[in-house]
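These are the residues of each chain, in order.
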Amino acid sequence: AIVCSVVPIALGMMLDPRSRKTRAVGTFASACFALGMLASGSRGAFVGFVGAAGYWYAFTSRKFVASALGAMALVAFLFVAPASFWERIATIGGNADSAAWMETDMDPAKLERLVLWGLAIDLWKQNKVFGIGPRNFPIVSAVETDFVDAYQGERGLQAHNTWLQLLAEYGTVGAAIWIGAFVFSMICFRRARARMKH
């Protein structure tokens, strides 16, 4: 979520016509974000990354240069991304049972997420106003489930859904503030673009 939120900024820096240093930093940051998404193997990050890049492309005024950079980046990404990444991405639109060539070990991950999402919803229903508190979801999930974090080797996982975890930990009040800030930032962005055109 953090990577996808700032991808349009880095992509915009790549096209800065005034500063070579800004373009270099933007190119490096964009490459790091793409590799980070690849390393995480996150399907949500992939969808978010593509969506953020598409949003950036829709609003950039230098579409020819953006198209050329995008084509080069796509070729590089196809060259670097392993087959296992694409097999994981392919499960976005269907399940492993519908395609024999897909790895079947994705199914437990799907089941795990459904359980965690259900837990997040239940926790929000029990604590609708202020939630259970920041960073408490993994602690509760360690008690309520037997899922183990593959990186830390300890029980308890994140919800794997920013919105649901936000609701569970911060409640309706916290989620409303976060969503309000997000909407406000988009309004400021649009107003800034409108002023730049005049």
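This structure is a prediction, so every number in the text was calculated from the model and none was measured.

Enquirer: I keep staring at the packing of aromatic side chains and nothing clicks. Help me out?
Expert: Geometry of an aromatic ring pair is reported as the spacing of the ring centres plus the angle between the planes. Going through the model one piece at a time under the given rule, you end up with two aromatic pairs. Plain terms: the ring middles of Trp163 and Trp178 are 5.1 Å apart, the flat faces sit at 90 degrees to each other, and that makes the pair edge-to-face. Taking the relative accessible area as the measure of exposure, Trp163 reaches 47% and is therefore partly exposed. Looking at Trp178, the relative accessible area reads 38%, which means it is partly exposed. Ring geometry for Trp178 and Phe182: centres 6.0 Å apart, planes at 5 degrees, overall stacked. Within this pair, Trp178 and its partner Phe182 are both found in helix 8 (residues 162-197), separated by four residues, close to a single helical turn. What makes Phe182 partly exposed here is its relative accessible area of 43%. Site record: aromatic cluster; members linked through ring pairs are Trp163, Trp178 and Phe182. Across from the ring centre of Tyr57, 5.5 Å away, lies the NZ or CZ of Lys63, which sits over that ring. Sitting above the plane of the Trp124 ring, Lys128 keeps its charged end 5.4 Å from the centroid.

Enquirer: Help me understand the nonpolar core in this model?
Expert: Taken as a class, soluble globular proteins show a tendency for nonpolar side chains to be buried jointly. In this structure, Met37, Phe46, Phe77 and Phe85 are the most contacted members of the largest nonpolar core, which totals 17 residues. Counting only elements with at least two residues in this core, the list comes to helix 1 (2-14), helix 2 (20-40), helix 3 (43-59), helix 4 (63-80) and helix 5 (83-90). Per-element tally for this core: the top contributor is helix 3, with five residues. Ranked by size, the runner-up nonpolar core spans eleven residues in total, among them Ala120, Ile132, Leu157 and Leu164.

Enquirer: Before we go on, may I ask you to explain the layout of surface pockets in this structure?
Expert: The gaps of empty space that remain are located by a probe, the size of a water molecule, rolled over the atoms. One number sums up the size of the second largest pocket: a volume of about 780 Å³. Phe49, Leu69, Gly70, Ala73 and Leu74 are the residues nearest the centre of the second largest pocket, which is lined by 27 residues in total. At the level of secondary structure, the elements contributing two or more residues to the lining of the second largest pocket comprise helix 1, helix 2, helix 3 and helix 4. No other element matches helix 4, which puts eleven residues into the lining of the second largest pocket. Looking at the lining of the second largest pocket, its residues break down into 22 nonpolar, five polar and no charged.

Enquirer: Would you mind showing me how to read unusual backbone geometry here?
Expert: Backbone phi values are negative for most residues with the exception of glycine, while trans is the configuration of most peptide bonds. Positive phi is not limited to glycine here, since Arg135 has a value of about 60 degrees. For Arg135, the location among the structural elements is in the loop between helix 6 (107-126) and helix 7 (137-144). With a phi close to 60 degrees, His160 is a non-glycine residue in the positive phi region. Take His160: it is sitting in the loop between helix 7 and helix 8. Classification of His160 by relative accessible area gives partly exposed; the value is 36%.

Enquirer: Quick question: what am I supposed to make of the environment of Gly70 here?
Expert: Relative to the helices and strands, Gly70 is located in helix 4. Sequence spacing of Gly70 and Leu11 is 59 residues, and the spatial spacing of their C-alpha atoms is 9.8 Å.

Enquirer: How should the environment of Leu167 be read in this particular structure?
Expert: Structurally, the position occupied by Leu167 is in helix 8. With near-sequence residues (within four places) excluded, Leu167 lies in contact with Trp124, Gly131 and Ala175.

Enquirer: For this particular structure, what's the right way to read the side chain of Ser141?
Expert: Relative to the elements of secondary structure, Ser141 occurs in helix 7. Residue classification places Ser141 among the buried residues on the basis of a relative accessible area of 0%. Setting aside its immediate chain neighbours within four residues, Ser141 contacts Leu116, Leu119, Gly156 and Leu157.

How each quantity is defined
- Within each chain, residue numbers correspond to sequence positions counted from 1 in written order.
- Residues qualify for local features only when their pLDDT is at least 70, as the model is predicted, and side-chain atom pairs are given and counted only at 80 or more; totals for whole chains, interfaces and linings, by contrast, use all residues.
- Note that water and hydrogens are dropped before the side-chain values are worked out from all heavy atoms of the structure.
- Pairing of aromatic rings covers Phe, Tyr and the six-membered ring of Trp, with a centre-to-centre limit of 6.5 Å; geometry is then stacked below 30 degrees between planes, edge-to-face above 60, and tilted otherwise.
- Residue exposure (1.4 Å probe, protein chains only): buried if accessible area is under 20% of the type maximum, exposed if over 50%, otherwise partly exposed.
- Helix and strand definitions here come from DSSP, where helices need a minimum of 4 consecutive H or I residues and strands a minimum of 2 consecutive E residues; each element is numbered from the N-terminal end.
- We call a charge positioned over a ring when the NZ of a Lys or the CZ of an Arg lies within 6 Å of the ring centre and within 35 degrees of the ring normal.
- In this text, buried Ala, Val, Leu, Ile, Met, Phe, Trp, Tyr and Cys residues form a nonpolar core when linked through side-chain atoms within 4.5 Å.
- Cavities and pockets were defined on a 1 Å grid built over protein atoms only: a cavity is a set of grid points that admits a 1.4 Å probe from which the probe cannot escape, a pocket is an open set flanked by protein on both sides within 12 Å along at least five of seven lines, and lining residues are those with an atom within 4 Å of any such point.
- Grid points are joined across faces, edges and corners, and a volume is the space filled by probe spheres set on the points.
- Throughout, the ten residues Ala, Val, Leu, Ile, Met, Phe, Trp, Tyr, Cys and Pro are labelled nonpolar, Asp, Glu, Lys and Arg are labelled charged, and all others, Gly among them, are labelled polar.
- By the convention used here, residues are in contact when the closest approach between their heavy atoms is within 4.5 Å.

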